[in-house]
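Examining the three-dimensional arrangement
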Amino acid sequence: MAETLSIAVPPLPWRRIVVGCGMAAIDFVATVDAFPKPDDKIRSKRLKVLGGGNAGNALTCAARLGLTPRLISKVADDTHGGYILAELEADGIDISNVVICNGGTSTFSYVIVDNQMKTRTCIYTPVYPAMVPEDLPRSSLLSALDEAKLVYFDGWLHRTALVIAQQAAEMNIPILIDAETNKSGLNGLLDLASYIICSEKFPQEWTSIPSITYALVSILLRFPHVRFAIATLGEKGCIMLERSIDDEGSDIDETDVENLLESLKMRVDKDNVLPSCVSSECMRLCAPGVGTISGRLLLGTAEIIPSSEIVDTTGAGDAFIGAILYALCAEMPPEKMLPFAAQVAALCCRALGARTGLPRRMDPRLAPFLQ
């Protein structure tokens, strides 16, 4: 009789309800040998219809890791809307606060996966009519936020998102913002943020500061309630700037945060193909011409995935965020949180679509990162 592999993982977080507000979509994912040139006609190698949308993807990831997600979004009563809701519900996401409008169209995207360059290009059409605050009764809002550990916003549905964020702030529920791009209404959400996860380009675009580390210092100075900001860098990993809550390190000399990043890079084990993390001590972190904060700088690495195993990077950032939601509920320290989230994102890249490769809690490939 074959032996059954026993995987020891910690118990689920005690408080594991997370609320997400944002896009839930259906993706038409086509793989091609190479991205087409203008006026080209090419044939796809594969075509799949899959669930998508930032919030839908991140909450699916969180659900598979063991959290109890609730989604606030909007779909139409069309075929796409039915598919979107059925897939989310099948993964254990509470969709009772998803607004279903009569008529209109649900959000859908065309995703082109370039097998040659290992890139993906998304063309999306948002839900119509757009979600407005009046779509969500106050009773539904309060019910959705009841006993929530965290509230997450992907930056879409910004008018409704701001109303939800304001209520969450009144209830002292921590808020995580996905700052992928500088979308309309994002500043209002950032004013209420506890945590920010942003794309590689966002810090410099938002601040007009050429250095990503200096830009992160600027963001933490601009938003004093933010506990940490993470910039995701794809295959280069991520950079996290964590604020010291007790001003620890304020009595020592200032350290240029850009120079500190270079010193952290020197400490990375180049022979380790799995995600890892190196951290500075708590200190005064200086960005010349910007300002100084007390805190730590952390550098997370990504898994070095063989090219032959990379199928599709669609949704990798959403997977990273879903894993961060779990890590915050589980109160993981940053040194453990960043490698865990990077590993989840790496597994996502090994299958077509944003959700196909999302791991479940008992996946043996996650076990070393959950200990």
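As the structure is a computational prediction, the values presented were derived from the model and not from experiment. (Residues numbered from 1 in each chain as written. Predicted model: local features only at pLDDT ≥ 70, side-chain atom pairs only at ≥ 80, totals over all residues. Heavy atoms only, no water.)

What about the UniProt feature "domain: Carbohydrate kinase PfkB" (unreviewed entry) in the protein chain?
Selection rule: UniProt positions are given in the numbering used here, feature names are shortened, and annotations may be inferred rather than shown by experiment. In this text, helices come from DSSP runs of H or I with a minimum length of four residues, and strands from runs of E with a minimum of two, each type numbered from the N-terminal end.
UniProt records the feature "domain: Carbohydrate kinase PfkB" (unreviewed entry) at residues 22-242 and 304-359, using the numbering of this structure. Secondary structure across residues 22-242 divides into 30% helix and 31% strand, with the first and last C-alpha atoms of the span separated by 26 Å. Taken end to end, residues 304-359 is 52% helix and 0% strand, and its two terminal C-alpha atoms sit 18 Å from one another.

Structural notes on the packing of aromatic side chains
Where we set the bar: Only Phe, Tyr and Trp rings take part, Trp by its six-membered ring, and two of them pair if their centres are within 6.5 Å. Stacked means planes under 30 degrees apart, edge-to-face means over 60, and tilted covers everything else. Whether a residue is buried, partly exposed or exposed follows from its accessible area with a 1.4 Å probe, protein chains only, as a fraction of its type maximum: under 20%, in between, or over 50%, in that order. Lysine NZ or arginine CZ positioned within 6 Å of the ring centre and within 35 degrees of the ring normal marks a charge as sitting over the ring.
Using the criterion set out here, one finds 7 aromatic pairs in the structure. Ring geometry for Phe108 versus Tyr110: centroids 5.8 Å apart, planes at 80°, classification edge-to-face. On the accessibility criterion, Phe108 (17% relative accessible area) is buried. A ring pair is formed by Trp206 and Phe223, whose centres lie 5.4 Å apart and whose planes are at 40°; its orientation type is tilted. Of this pair, Trp206 sits in helix α6 (residues 202-207) while Phe223 is found in the loop between α7 (212-222) and β11 (228-232), placing the two residues 17 residues apart along the sequence. Here Phe223 falls in the buried class, since its relative accessible area comes to 3%. Here the aromatic residues Phe28, Phe108 and Tyr110 are joined through ring pairs into a cluster of three or more. Here the basic side chain of Lys183 rests over the ring of Trp156, its NZ or CZ set 4.7 Å away from the ring centre.

A short note on helix α3 (residues 138-145)
A turn of α-helix holds 3.6 residues, and therefore any two residues three or four places apart point the same way. This is how it is decided: The directions from the helix axis to the C-beta atoms form the arc being described. Pairs of residues are marked as contacts when any of their non-hydrogen atoms sit within 4.5 Å.
Among the residues of α3, Leu141, Ala144 and Leu145 are the ones counted as buried. Buried residues along α3 cover an arc of 90° about the axis, so they all sit on one side. Where the residues of α3 are buried, they touch β1 (17-21), β4 (68-76), β5 (94-101), β8 (150-153) and α4 (158-170). A positive backbone phi angle near 65° is found at Glu147, which sits one or two residues after α3.

Regarding the pattern of salt bridges
Put simply, the rule reads: Here, a salt bridge means any side-chain nitrogen of Lys or Arg that lies within 4 Å of a carboxyl oxygen of Asp or Glu.
Taken as a whole and judged by the stated rule, the model has 14 salt bridges. In this structure, Asp135 engages Lys74 in a salt bridge whose closest nitrogen and oxygen atoms are separated by 3.1 Å. Taken as a pair, Asp135 in the loop between β7 (119-125) and α3 and Lys74 in strand β4 lie far apart in primary sequence, 61 residues in all. Accessibility expressed as a relative area gives 24% for Asp135, which makes it partly exposed. You can call Lys74 buried: its relative accessible area is 5%. One salt bridge connects Arg350 with Glu303, and the closest N-O pair in it is separated by 2.8 Å. With Arg350 in the loop between α10 (334-348) and α11 (367-370) and Glu303 in the loop between β16 (291-300) and α9 (316-329), the pair connects residues that are 47 residues apart, well separated along the chain. Look at Glu303 and you get buried, because its relative accessible area is 14%.

A few points about unusual backbone geometry
The omega angle of the peptide bond from Tyr128 to Pro129 is -5°, so this bond is cis rather than trans. Following the sequence through the fold, Pro129 ends up in the loop between β7 and α3. The backbone of Lys118 shows a phi angle near 60°, a positive value even though the residue is not glycine. Along the chain, the position of Lys118 falls in the loop between β6 (108-114) and β7. Residue Lys118 is classed as partly exposed on the basis of its relative accessible area of 30%. A positive phi angle, near 60°, is found at Asn172, a position not held by glycine. Position of Asn172 among the secondary structure elements: in the loop between α4 and β9 (175-179).

Quick word on the state of the cysteines
Note the following rule: A pair of cysteine sulfur atoms is labelled a disulfide when the two atoms are within 2.5 Å.
Across all of its chains, the model carries 0 disulfides by this definition. Counting only cysteine sulfurs, Cys238 is the nearest neighbor of Cys277, a cysteine outside any disulfide, at a range of 7.2 Å. Between Cys349, a free cysteine, and Cys348, which holds the nearest cysteine sulfur, the sulfur-to-sulfur gap is 5.6 Å. Residue class for Cys349 comes out buried when judged on its relative accessible area of 9%.

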